[in-house]
Amino acid sequence: MKYGILVVSHVPEIAQGVAKLAQQAAPDVSITFAGGTDEGQIGSSLNMIQKAISDNQGDEILAFYDLGSAKMNLEMAREMSTKPIHQFDVALVEGVYTAATLAQVNVDFTTIVSNLDKLHLEK
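Residues numbered from 1 in each chain as written. Predicted model: local features only at pLDDT ≥ 70, side-chain atom pairs only at ≥ 80, totals over all residues. Heavy atoms only, no water.

Visitor: Tell me about the packing of helix H2 (residues 46-55) against helix H3 (residues 68-80), residues and numbers included.
Guide: Axis separation between H2 and H3 bottoms out at 9 Å; the angle between their running directions is 50°. Overall, the two elements H2 and H3 adopt an arrangement that is oblique. Handedness of the H2/H3 crossing: right-handed. Here Leu-46, Ile-49, Gln-50 and Ile-53 of H2 lie close against H3, whose contacting residues are Ala-70, Asn-73, Leu-74, Met-76, Ala-77 and Met-80. Within the contact of H2 with H3, the residues separate by chemical class into eight nonpolar, two polar and no charged. (Axes fitted to C-alpha atoms, helices over the stretch in contact; angles between N-to-C directions. Helix = DSSP H or I, 4+ residues; strand = E, 2+ residues; numbered from the N terminus. Parallel < 35°, antiparallel > 145°, perpendicular 65-115°, else oblique. Left-handed = near helix turned anticlockwise from the far one by under 90°. Contact = heavy atoms within 4.5 Å. Nonpolar A, V, L, I, M, F, W, Y, C, P; charged D, E, K, R; others polar.)

Next up, the structure:
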């Protein structure tokens, strides 16, 4: 499987819900998620992100996050992973859904990035 999707959120239910929504549109794409802290609280967990990366069946991962510490932990996990991980600073729900639907129909990486650029968050 070429691309997998990773959803990282501070809230476990958001991470799970966004992944569930995307899986409906992309049933053949590996979609994993990490939400909240190791204790089930609001926040992010490097350990949970690393597990979601290792559980993902994609050869490369398209990764999405919601807020600051999720981004920071995702960046650390990327550095520790042997799997290529492409991190996108886009609207979470729309970005995940767009990437998943495009991965489902096996479009090339350039096309995925081009579509996600339209969802880029302003700084």
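Visitor: Could you give an account of helix H4 (residues 92-104), naming the residues involved and the relevant values?
Guide: Its 13 residues give H4 an end-to-end C-alpha distance of 18 Å, which sits within 8% of 18 Å, the value for a rise of 1.5 Å per residue. Along H4, the positions that sit buried rather than exposed are Leu-92, Gly-95, Val-96, Thr-98, Ala-99, Ala-100, Leu-102 and Ala-103. The inward-facing, buried residues of H4 contact strand S1 (3-9), helix H1 (12-25), strand S2 (31-35), strand S3 (60-65) and helix H5 (109-117). At the C-terminal side of H4, Asn-106 shows a positive phi close to 60°. (Expected span 1.5 Å × (residues − 1). Buried < 20%, exposed > 50% of the residue type's maximum accessible area, 1.4 Å probe, protein only.)

Visitor: A description of unusual backbone geometry should follow, citing residues and the corresponding values.
Guide: The phi torsion at Asn-106 lies on the positive side, around 60°, for a residue other than glycine. With respect to the helices and strands, the residue Asn-106 is situated in the loop between H4 and H5.

Visitor: Residue-level account of the pattern of salt bridges, with values.
Guide: By the definition in use, this model includes two salt bridges. Note that Lys-2 is salt-bridged to Glu-60, the shortest N-O span being 2.9 Å. Note that Lys-2 is positioned in the segment before S1 and Glu-60 in strand S3, a separation of 58 residues in sequence. Taking relative accessible area as the criterion, Glu-60 reaches 16% and is therefore assigned buried. Of the charged contacts in the structure, one is a salt bridge between Asp-55 and Lys-51, with a shortest N-O distance of 2.6 Å. Note that Asp-55 and Lys-51 are positioned in helix H2 at a spacing of four residues, about one turn of the helix. (Salt bridge = Lys/Arg side-chain N within 4 Å of Asp/Glu carboxyl O.)

Visitor: Quick one: what's the story with H2, residue by residue and with numbers?
Guide: Buried residues of H2: Ile-49, Ala-52 and Ile-53, and no others. One side of H2 holds all its buried residues, which, seen down the axis, span an arc of 100°. Exposed and oriented more than 90 degrees from the buried face of H2 are Lys-51 and Ser-54. Where H2 begins, the capping side chain belongs to Ser-45, and its oxygen is found 3.3 Å from the backbone nitrogen of Asn-47. (Arc of directions from axis to C-beta. Polar contact = N/O pair within 3.5 Å; in protein donor to acceptor, adjacent residues only side chain to side chain.)

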